[in-house]
Amino acid sequence: MSVRFVEAWKGLTEELSTRLSPQKVERRYAPYFERAALGDETKISVSLSDHDIQNLARSSLDSETVTFIIALQQSVGDQVTTDVNGNMVLDGVDDLSVGDEILEKVQAIMDLWRGEGPLRQLEIAGYRFTGTITNDPPFEPLHLLSQGIFSAIIDVQYRYSGD
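Residues numbered from 1 in each chain as written. Predicted model: local features only at pLDDT ≥ 70, side-chain atom pairs only at ≥ 80, totals over all residues. Heavy atoms only, no water.

A.B. asks: Which residues make up the pairing of strand E2 (residues 43-48), and what values go with them?
C.D. replies: With six of its six residues buried, E2 lies for the most part within the structure. Residues Lys43, Ser45 and Ser47 of E2 are buried on one face, and the alternating residues Ile44, Val46 and Leu48, pointing to the opposite face, are buried as well. Here strand E1 (residues 25-27) runs beside E2; their pairing, made up of three bridges, is parallel. Following the sheet pairing, Arg27 is matched in E2 by Val46. (Buried < 20%, exposed > 50% of the residue type's maximum accessible area, 1.4 Å probe, protein only. Helix = DSSP H or I, 4+ residues; strand = E, 2+ residues; numbered from the N terminus. Pairing = 2+ DSSP bridges.)

Here you go:
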């Protein structure tokens with residue numbers, strides 16, 4: 001794995017930690033936290049996209065272009081049951097404020113790259129933002145139903161611009 005790629009990953013994590021303070025941001029190899037690790041707080045992590053992980057497995061990571069995943073997660077309920085049709089249902093999640101708050105944080109994070117956002121032109125370890133940032137889908141419904149975790153993902157693409 002390219003040292004400069006790892007330095008960009010660390011640098012982006014540090015940059016987000018600074019800009020989102022006091023919210024802690026963690027660099028992780030897997031974007032999702034287990035429910036037990038979440039507690040009652042929102043966790044934010046920075047990891048590598050699935051495509052880049054596959055390239056790592058083949059030892060052919062194209063260090064010129066990388067996509068970082070910024071995951072926001074929070075536990076929202078305790079009971080997962082099934083309805084009469086066998087569909088998973090999360091009981092006790094009538095309060096939508098947790099999801100609303102996370103989606104607002106997603107937009108605030110994306111604003112760091114939008115328009116004149118401070119990260120749009122910032123070079124991190126020789127990498128520059130390509131202009132590609134997505135939040136699709138807005139949240140992960142299967143995480144919500146199967147684990148009681150509200151998860152939202154932002155993909156941010158960077159390209160190496162040279163030494």
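A.B. asks: Lay out the nonpolar core with the relevant residues and their values.
C.D. replies: By size, the foremost hydrophobic cluster in this structure holds 35 residues, and its most contacted members are Leu16, Phe68, Ile70, Ile109, Trp113, Ile154 and Tyr158. Listed by contribution, the elements that provide at least two residues to this core are helix H1 (3-19), E2, strand E3 (65-75), helix H4 (97-110), strand E6 (127-134) and strand E7 (149-160). Look past the residues within four positions of Ile154 in its chain and what remains in contact with it is Phe68, Ile69, Ile70, Leu72, Val106, Ile109, Met110, Ile133 and Thr134. (Core = buried A, V, L, I, M, F, W, Y, C linked by side-chain atoms within 4.5 Å. Contact = heavy atoms within 4.5 Å.)

A.B. asks: Describe in detail H4, supporting the description with residues and values.
C.D. replies: Counted at 1.5 Å a residue, the expected span for H4 with its 14 residues is 20 Å, and the 20 Å between its end C-alpha atoms agrees. The complete set of buried residues in H4 reads Val98, Gly99, Ile102, Val106, Ile109 and Met110. Burial along H4 is one-sided: seen end-on, the buried residues are contained in an arc of 110°. (Expected span 1.5 Å × (residues − 1). Arc of directions from axis to C-beta.)

A.B. asks: Requested: an account of the pattern of salt bridges, with residues and values cited.
C.D. replies: Tallying each qualifying case throughout the model produces five salt bridges. With a shortest N-O distance of 2.9 Å, Arg19 and Glu15 are connected by a salt bridge. Here the residue Arg19 and the residue Glu15 both occupy positions in helix H1, the gap between them amounting to four residues, near one helical turn. The salt bridge involving Arg128 is made with Glu123; its shortest N-O contact spans 3.5 Å. (Salt bridge = Lys/Arg side-chain N within 4 Å of Asp/Glu carboxyl O.)

In short, shape yes, function no, at least from these values alone.
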